[in-house]
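The residues making up each chain are set out below.
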Amino acid sequence: MHGTAHDPRALVAQLGKRARAASIQLARISTPRKSEGVLAAAAALRDASDLILAANAKDLDAGAAKGLTLAMIDRLRLTAERIESIAKGLETVAYLRDPVGMVIDETIRPNGLKLTRLRVPLGVIGIIYESRPNVTADAAALCLKSGNAVILRGGSEARESNQAIHAAMVGAISRIGLPEDSIQFVDTPDRAVVGAMLEAAGLIDMIIPRGGKSLVSRVQADARVPVLAHLDGLCHTYIDGAADPDKAREIAVNAKMRRTGICGAMETLLIDRAYPHPRSVLAALVDAGCELRGTPEIVALEPRAKLAGDADWDTEYLDSICAVSLVDGLDAAVAHIGQHGSSHTDAIITEDLMAAETFLAVVDSAIVMHNASTQFADGGEFGLGAEIGIATGRLHARGPVALEGLTTYKWVVRGTGQARP
């Protein structure tokens, strides 16, 4: 690879050819063998925990020196507990049903032809991501179990961590005889490699970006390869007039403050003017350390809040900041979400089941919730094990993308000698 390191297109071409060869091998590998590889990778992460944490410490020091925000540092940080959580996520993936080979539907035509739609791997997937080193492990495991080869291009801020995780996982699958080229890591900070990946039609079958809006926007604008992505996590929680006060308060605080830097964190809180206890919710958020930015009505209810500007309704803070507004009922809440949301995750808190079902039916987001925190917008919480991202588009996959989202299908036609008249 050294001879092509100075030439991004040549490097990506080499990686792509090796990945294609590995994907052909993976297509012939049984589900138990793929699961064995994922379990071996999980065990390797545990065994290499000290090495991974030491590498992560270097990234954290470099990030602090560069002035990364606290939210970015939180995404970057690994702990023994987080590594254990990653390993457990991989184990969950290993035991999930393999979608490859699943029969979607089957029919027999009047002429006797038997038509079957089967799930098959996408082939070679390119992952371009920032900050979160757990993406290296999650993406590698999901791609391996779904029979796809993967080319990983992580952000420079997590380079040491990504290298350590990649080395542990590749060593594990290689030792049990799986193709090590099925998990490849682009070990160069040259940003031109990203452009080369985006133009690698024929070498890479799908690009999945994980990161900030600027990264995802660039990928969607420049890619010559199909893209599976979401731009923003502008998640809303609407407290209906018939909400239970304890649920409203607890869910709102959790949705915003549990982890502020994830895409499922609530960014805007909408409160029905008919709800009788808005002050308790606002006070609970401020007491938990959240900065509120609201309308004049909100500031009148909670003097510690600040007046919101126009941009606040369209901002993914990924921080301890929340935009807040009172609204005139369900229709106004739905209209606000339609105007300012990003089709990621939106929730209603109410004891009125008719209002809840209306909200769930008319809000056009990848994930809609009733009486639950938006922080549950996560593949692991959905029983999917690790996730490769949350897709907010309307084609191919929506919501948490895990094994099934990394497959496509093909038609298998079985005949008995039929010739078309």
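Conventions used here
Residues take numbers from 1 onward in each chain, read along the sequence in its written order. Confidence filtering applies because this is a predicted model: local features only for residues at pLDDT of at least 70, side-chain atom pairs given and counted only at 80 or more, and all residues used for totals across whole chains, interfaces and linings. Neither water nor hydrogens contribute to the side-chain values; these are computed over all heavy atoms in the structure. Residue types Ala, Val, Leu, Ile, Met, Phe, Trp, Tyr and Cys, when buried and joined through side-chain atoms within 4.5 Å, form a set referred to as a nonpolar core. Summary of the burial criterion: residues with accessible area below 20% of their type's maximum are buried, those above 50% are exposed, and those between are partly exposed, where the area comes from a 1.4 Å probe applied to protein chains only. Only DSSP runs of H or I reaching four residues or more are called helices, and only runs of E reaching two or more are called strands; each is numbered from the N terminus. Contacts are assigned to residue pairs with any non-hydrogen atoms lying within 4.5 Å of each other. The rule for pairing is simple: two strands pair if DSSP sees at least two bridges between them. Here the axes come from fitting lines to C-alpha atoms, over the contacting stretch only for helices, and the angles between their N-to-C directions go from 0 to 180 degrees. Counted as salt bridges are all cases of a side-chain nitrogen of Lys or Arg within 4 Å of a carboxyl oxygen of Asp or Glu. Helix span is expected to be 1.5 Å times the residue number reduced by one. Think of the arc as the fan of directions from the helix axis to the C-beta atoms. Only centres within 6.5 Å qualify two rings of Phe, Tyr or Trp (six-membered ring in Trp) as a pair; their planes then separate them into stacked at under 30 degrees, edge-to-face at over 60, and tilted for everything else. Should the NZ of a Lys or the CZ of an Arg lie within 6 Å of a ring centre and within 35 degrees of the ring normal, that charge is described as sitting over the ring. In protein, a polar contact requires one atom able to donate a hydrogen and another able to accept it; more generally it is a pair of N or O atoms within 3.5 Å, and residues adjacent in sequence count only if both atoms are side-chain atoms.

**Student:** Outline the nonpolar core, supporting the account with residue identities and numerical values.
**Tutor:** One recurring pattern in soluble globular proteins is that nonpolar side chains are buried together. Counting 52 residues, the largest nonpolar core has Leu-45, Leu-90, Ile-127 and Ile-388 as the members making the most contacts within it. In terms of residue count, the dominant contributor to this core is helix 6 (residues 134–145) (8 residues). Discounting residues that sit within four places of it in the chain, Leu-45 has contacts with Ile-52, Ile-83, Ile-86, Leu-90, Ala-137, Ile-165, Ala-168 and Met-169. Ranked by size, the runner-up nonpolar core spans 24 residues in total, among them Ala-248, Tyr-275, Val-286 and Val-324.

**Student:** Please set out the sheet that holds strand 2 (residues 114–121) residue by residue, giving values where relevant.
**Tutor:** The antiparallel open sheet is built from 3 strands, whose spatial order is 1-2-16. Of all the strands in the sheet, the pair left with one neighbour each is strand 1 (103–108) and strand 16 (407–414). Adjacent strand axes in the sheet meet at a mean angle of 20° when their direction is disregarded. When strand 1 meets strand 2, the two strands line up antiparallel, connected through 5 bridges. Directly across from Asp-105, in strand 2, lies its bridge partner Arg-117.

**Student:** An account of the pattern of salt bridges is needed here, citing residue identities and associated values.
**Tutor:** In this structure the tally under the stated criterion is 25 salt bridges. In this structure, Arg-20 and Asp-205 form a salt bridge, with 2.8 Å as the shortest nitrogen-oxygen distance. Highlighted residues: Arg-20 in helix 1 (residues 8–26) and Asp-205 in the loop between helix 8 (192–198) and strand 6 (206–210), separated in sequence by 185 residues. A relative accessible area of 26% places Arg-20 in the partly exposed class. Because the salt bridges share partners, they merge into one network encompassing Glu-291, Arg-293, Lys-306 and Asp-312.

**Student:** Tell me about helix 3 (residues 49–66), residues and numbers included.
**Tutor:** The end-to-end C-alpha distance of helix 3, which contains 18 residues, comes to 25 Å, matching closely the 26 Å that a straight helix rising 1.5 Å per residue would cover. Residues Ser-49, Ile-52, Ala-55, Asn-56, Asp-59, Leu-60 and Gly-63 constitute the buried set of helix 3. All buried residues of helix 3 lie within an arc of 150° about the axis, which places them on one face of the element. Among the exposed residues of helix 3, those oriented more than 90 degrees off its buried face are Asp-50, Leu-51, Lys-58, Asp-61, Ala-64 and Ala-65. Each element contacted by the buried residues of helix 3 is listed here: helix 2 (31–47), helix 4 (70–76), helix 5 (80–95) and helix 7 (159–175).

**Student:** Give me the lowdown on the sheet that holds strand 6, citing residues and values where you can.
**Tutor:** Strand order in the open sheet formed by 4 strands is 5-4-3-6, with parallel pairing between adjacent strands. The open sheet terminates on both sides in strands that have one partner only, identified here as strand 5 (183–185) and strand 6. Between one strand and the next, the sheet's axes are offset by a mean angle of 20°, whatever the strand orientation. Bridge analysis of strand 3 (residues 124–129) against strand 4 (residues 149–153) gives 5 bridges, and the strand direction is parallel. Within strand 4, the position partnered with Val-124 by the bridge is Ala-149.

**Student:** Run through the packing of aromatic side chains, naming residues and quoting values.
**Tutor:** The full count for this structure, using the stated rule, is 0 aromatic pairs. The side chain of Arg-117 reaches across the aromatic face of Tyr-409, ending 4.6 Å from its centre.

**Student:** An account of helix 7 is requested, with residue identities and associated values reported.
**Tutor:** Counted at 1.5 Å a residue, the expected span for helix 7 with its 17 residues is 24 Å, and the 24 Å between its end C-alpha atoms agrees. Of the positions making up helix 7, those classed as buried are Ser-161, Asn-162, Ala-164, Ile-165, His-166, Ala-168, Met-169, Val-170, Gly-171, Ala-172 and Ile-173. Backbone geometry just downstream of helix 7 places Gly-177 in the positive-phi region, at approximately 90°.

**Student:** Go over the environment of Gly-63 with me, naming the residues and quoting the values.
**Tutor:** As for its placement among the helices and strands, Gly-63 is situated in helix 3. Each C-alpha atom, one on Gly-63 and one on Pro-278, is 39 Å from the other, the two residues being 215 residues apart in sequence. Not counting chain neighbours up to four residues away, the residues in contact with Gly-63 comprise Leu-68 and Ile-73.

**Student:** Quick rundown of the side chain of Asp-98? Include the residues and the values.
**Tutor:** Mapped onto the fold, Asp-98 is located in the loop between helix 5 and strand 1. Taking the relative accessible area as the measure of exposure, Asp-98 reaches 8% and is therefore buried. Here Thr-31 takes part through its side chain, which lies 2.6 Å from a polar atom of the side chain of Asp-98. There is a polar contact of 3.0 Å between the side chain of Asp-98 and the backbone nitrogen of Val-100. Among all residues touching Asp-98, those that are not within four sequence positions of it are Thr-31, Lys-34 and Lys-145.

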